[in-house]
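Here are the chains, one letter per residue:
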Amino acid sequence: MTLDDLLRWAAWFLLASWAFFALRIGLYTAELPARERARALRGILLGLVTVAIGWSFIGIVFLSIGLGVIFPTITMIGAPLSCPAPGQFELFSQGYSYKPGQHGTVREFYCRLPGGERETVTFLTLLYAGLIYSALLTTLTMWAGRFGLRILVLKPAAPGPSDRRPGATARPSTSARSSRTGSLESRLRDLKALHEAGLIDDGTYQARQLEILRDP
């Protein structure tokens with residue numbers, strides 16, 4: 001399989017996955033009351049952006065740049081984008097010694113154009129490879145969440161009587177209790193949406209759930 005074929009399969013995987021996630025998110029929000037849909041979507045999008053930023057840092061800094069220096073083939077997936085056909089992608093490696101007994105290796109990526117000119121595409125290759133890995137990792141995270149295969153979703157334990165705020169003996173009026181219940185349900189629903197989407201783990205979900213129940 002060539003690098004172009006690998007990149008093409010990765011693109012189809014990302015396209016099909018995110019079309020499926022968009023459908024799942026649309027069906028999920030459609031089941032919510034109209035006044036809650038915008039808030040639920042904002043929570044989901046905020047979680048997605050947070051996850052994407054985290055995986056982008058890991059994909060670019062650790063995978064593409066960090067491991068790419070040691071194993072240059074890792075970054076080759078970005079070659080079809082940094083040096084598209086009819087250009088010819090080239091890897092240049094040269095060892096050097098900066099101190100007696102200490103050696104290093106310089107690696108550069110070049111794109112040889114049909115006219116014979118050679119351009120340096122090291123930065124672009126590392127950047128494209130990191131973004132591709134980031135997109136794949138973000139997509140795999142989504143597949144593991146509620147809108148994918150539900151691998152990371154576990155049923156949280158229901159709060160028991162011990163979770164109630166101590167000393168709260170006074171009973172609020174009916175209108176105040178109704179207003180507080182509506183706000184509490186809304187906050188718990190948003191928190192549950194983030195958890196079911198796989199954007200927060202079980203420990204964070206249960207801890208935040210207890211905070212909301214104790215201080216509604």
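Residues numbered from 1 in each chain as written. Predicted model: local features only at pLDDT ≥ 70, side-chain atom pairs only at ≥ 80, totals over all residues. Heavy atoms only, no water.

(A) Geometry of the packing of helix α1 (residues 3-30) against helix α4 (residues 122-144). At a minimum axis separation of 10 Å, α1 and α4 run at an interaxial angle of 35°. Taken as a pair, α1 and α4 cross one another with a handedness that is left-handed. Only I132, A135, L136, T138, T139, L140, M142 and W143 of α4 make contact with α1, whose side of the interface consists of L7, A10, F13, L14, S17, W18, F20 and F21. When the residues that make up the contact of α1 with α4 are grouped by side-chain class, the tally is 13 nonpolar, 3 polar and no charged. (Axes fitted to C-alpha atoms, helices over the stretch in contact; angles between N-to-C directions. Helix = DSSP H or I, 4+ residues; strand = E, 2+ residues; numbered from the N terminus. Left-handed = near helix turned anticlockwise from the far one by under 90°. Contact = heavy atoms within 4.5 Å. Nonpolar A, V, L, I, M, F, W, Y, C, P; charged D, E, K, R; others polar.)

(B) Region of interest: the packing of α1 against helix α2 (residues 34-70). Contact pair α1 / α2: the axes reach a minimum separation of 10 Å and the direction vectors enclose 150°. Classified by the angle their axes make, α1 and α2 are roughly antiparallel. Two packed elements cross with a definite hand, and for α1 against α2 that hand is right-handed. Taking contact as the criterion, the partners of W18, I25, Y28, T29 and A30 in α1 are, on α2, R37, L41, I44 and L48. Of the residues that constitute the contact of α1 with α2, the class distribution is 7 nonpolar, 1 polar and 1 charged. (Parallel < 35°, antiparallel > 145°, perpendicular 65-115°, else oblique.)

(C) Examining the packing of aromatic side chains more closely. Using the criterion set out here, one finds 8 aromatic pairs in the structure. With a centroid separation of 6.1 Å and 65° between ring planes, the pair formed by F20 and F21 is classed as edge-to-face. Owing to a relative accessible area of 32%, F20 belongs among the partly exposed residues under this scheme. Residues F20 and W143 carry aromatic rings whose centres are separated by 5.2 Å and whose planes lie at 15° to one another, so their mutual orientation is stacked. One end of the pair, F20, is in helix α1; the other, W143, is in helix α4, and 123 residues separate them in sequence. Classification of W143 as partly exposed rests on a relative accessible area of 22%. What links up through ring pairs into an aromatic cluster is the set W18, F20, F21 and W143. The side chain of R118 reaches across the aromatic face of Y110, ending 3.9 Å from its centre. (Phe/Tyr/Trp six-rings, centres within 6.5 Å; stacked < 30°, edge-to-face > 60°. Buried < 20%, exposed > 50% of the residue type's maximum accessible area, 1.4 Å probe, protein only. Lys NZ or Arg CZ within 6 Å of the ring centre and 35° of its normal.)

(D) How the structure looks around the pattern of salt bridges. Per the counting criterion, the structure on display carries 6 salt bridges. The partner of R39 in a salt bridge is D190, and the shortest N-O contact between them spans 3.8 Å. Here R39 is found in helix α2, whereas its partner D190 is found in helix α5 (residues 174-196), with 151 residues between them in sequence. A relative accessible area of 18% places D190 in the buried class. The partner of E90 in a salt bridge is R118, with the nearest N and O atoms 4.0 Å apart. (Salt bridge = Lys/Arg side-chain N within 4 Å of Asp/Glu carboxyl O.)

(E) Representation of the nonpolar core in the model. In terms of nonpolar packing, the biggest core is built from 13 residues, with Y28, I44, L48, M142, F147 and L199 touching the most fellow members. Taken together, the elements giving at least two residues each to this core come down to α1 and α2. Top element by residues in this core is α2. It accounts for 4 residues. Beyond its immediate chain neighbours, meaning those up to four positions away, F147 contacts F20, F21, R24, I25, Y28, I44, M142, E196 and A197. (Core = buried A, V, L, I, M, F, W, Y, C linked by side-chain atoms within 4.5 Å.)

(F) Region of interest: the state of the cysteines. For the coordinates displayed, the defined rule picks out 1 disulfide. Here C83 is linked by a disulfide to C111, with a sulfur-sulfur distance of 2.1 Å. Torsion about the S-S bond of the C83 and C111 cystine: about 70°, corresponding to right-handed handedness. Of this pair, C83 sits in the loop between α3 (79-82) and β1 (88-99) while C111 sits in strand β2 (residues 102-112), and the two are 28 residues apart along the sequence. For the pair shown, C83 and C111 are each scored as buried. (Disulfide = S-S within 2.5 Å.)

(G) Geometry of the side chain of E36. One can find E36 in helix α2. Each residue touching E36, except ones within four places of it in the same chain, is listed here: S186 and R189.

(H) Representation of α4 in the model. The terminal C-alpha atoms of α4 lie 33 Å apart, and with 23 residues this matches the ideal 33 Å at 1.5 Å per residue to within 8%. Within α4, the full set of buried residues consists of T122, T125, L126, A129, G130, I132, S134, T138, T139, T141, M142 and A144. (Expected span 1.5 Å × (residues − 1).)

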